[in-house]
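# An overview of the molecular structure
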Amino acid sequence: MTVNTLFTAGNVLTAAQQNNFGRGLMATPATSTTTDSTITAEEVMLTYTFTAVNGRNYLLQYFEPVIVGTAAGTLTARIRDTNISGTVLQTFKSTIAILTNTIASCQVIYTAAASGSLTIVATLQASAGTVTATRSSTQFPQLYAIDIGTGY
């Protein structure tokens with residue numbers, strides 16, 4: 001793809017060039033207001049489905065605002081393709097201190113290999129103790145995809 005950065009007076013923007021630009025948010029972000037206080041082994045926290053287009057780039061973003069653990073350890077956040085057994089697209093690890101709040105944030109640029117429905121999931125896993133993801137109507141996680149176009 002040729003990037004659209006060298007326009008001069010009198011040039012015409014074509015439909016093909018316009019189609020290279022990003023298209024924005026792909027669907028309503030997945031959210032939850034239900035606190036989960038039983039996180040030990042890897043579990044799905046949110047699921048998000050959107051229609052991907054072959055060759056387009058997407059920013060996949062997962063954010064969990066309040067995490068607290070019962071034991072010192074490592075929290076692993078992942079974005080996976082399809083379900084908990086799917087391909088790991090990105091991993092983020094953070095240190096969990098006992099009874100101290102932290103966050104989980106994970107993002108990745110994903111290029112669609114085919115057109116059609118694409119489901120991604122956000123997961124959390126604790127290395128020690130139990131982790132709680134505290135949620136409410138004003139403090140909630142999000143998982144979403146933003147179409148950022150076809151070029152770099």
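All of the points below concern the structure found in this document. (Residues numbered from 1 in each chain as written. Predicted model: local features only at pLDDT ≥ 70, side-chain atom pairs only at ≥ 80, totals over all residues. Heavy atoms only, no water.)

## Considering the overall build of the chain
For clarity, the threshold we go by: Note on conventions: DSSP H or I runs of at least 4 residues are helices, E runs of at least 2 residues are strands, and numbering of each starts at the N terminus. Here's how the labels work: a residue is buried when its accessible area is under 20% of the maximum for its type, exposed when over 50%, partly exposed in between, all with a 1.4 Å probe on protein chains only. Throughout, a residue-residue contact means that at least one pair of heavy atoms, one from each residue, lies within 4.5 Å. Note on areas: Shrake-Rupley with a 1.4 Å probe; residue coverage comes only from the protein chains shown. Neither His nor the chain ends is counted toward charge; the positive residues are Lys and Arg and the negative residues Asp and Glu. Each charge is placed at NZ for Lys, CZ for Arg, CG for Asp and CD for Glu.
A count of helical and extended segments in the chain gives 1 helix and 11 strands. In the chain, the order of α-helices and β-strands from amino to carboxyl end is α-β-β-β-β-β-β-β-β-β-β-β. Across the 152 residues that make up the chain, the buried fraction comes to 38%. Restricting the contact set of the chain to residue pairs at least 6 apart, pairs at least 24 apart contribute 77%. Taken as a whole, the chain presents about 7800 Å² of accessible surface, with 54% of it coming from carbon and sulfur. For the chain, the distance from the average position of its 6 positive side-chain charges to the average position of its 6 negative side-chain charges is 7 Å.

## As for the sheet that holds strand β4 (residues 43-52)
Spelled out, the test is: Strand pairing is assigned whenever DSSP identifies at least 2 bridges connecting the two strands. Orientation is described by lines fitted to C-alpha atoms, with helices fitted over the stretch in contact, and by angles between N-to-C directions that extend from 0 to 180 degrees.
Strand order in the open sheet made by the 4 strands is β4-β9-β6-β7, with antiparallel pairing throughout. On the outer flanks of this sheet lie β4 and β7 (88-96), each paired with one strand and no other. In this sheet, neighbouring strand axes are inclined to one another by 15° on average, regardless of whether the strands run parallel or antiparallel. Of the pairings in the sheet, the one linking strand β6 (residues 73-81) to β7 comprises 8 bridges and is antiparallel in character. Across the sheet, the residue bridging to R80 is V88, located in β7.

## Brief notes about the nonpolar core
This is how the line gets drawn: What makes a nonpolar core is a set of buried Ala, Val, Leu, Ile, Met, Phe, Trp, Tyr and Cys residues whose side-chain atoms join them at distances within 4.5 Å.
With 30 residues, the main nonpolar core has Y48, F50, L60, Y62, I67, L124 and L143 as its most contacted residues. Setting aside anything within four residues of it in sequence, one finds F50 in contact with M26, A27, Y58, L60, G116, S117, L118 and A145.

## A look at the pattern of salt bridges
Applicable threshold: The term salt bridge refers to a side-chain nitrogen of Lys or Arg lying within 4 Å of a carboxyl oxygen of Asp or Glu.
Under the counting rule described, the total for this entry stands at 4 salt bridges. Ionic pairing is found between R80 and E42, a salt bridge with its closest N-O pair at 2.9 Å. A residue pair is termed long-range when its members are at least 10 positions apart, and R80 in strand β6 and E42 in the loop between β3 (36-39) and β4 qualify at 38 residues. Here R80 and E42 have matching classes, each one buried. Shared partners join several salt bridges into a network, and the residues in it are E42, R78 and R80.

## Structural notes on the pairing of strand β11 (residues 142-149)
As paired strands, strand β1 (residues 24-25) and β11 are joined by 2 bridges and run antiparallel to one another. When the sheet's bridge partners are listed, L25 is paired in β11 with I146. Relative to β11, strand β2 (residues 30-31) runs antiparallel, the two being bridged by 2 bridges. Bridging across to β11, A30 finds its partner in L143. Strand direction decides the pairing type here: strand β5 (residues 57-69) and β11, joined by 7 bridges, are antiparallel. Note on β11: the bridge partner recorded for Y58 is D147.

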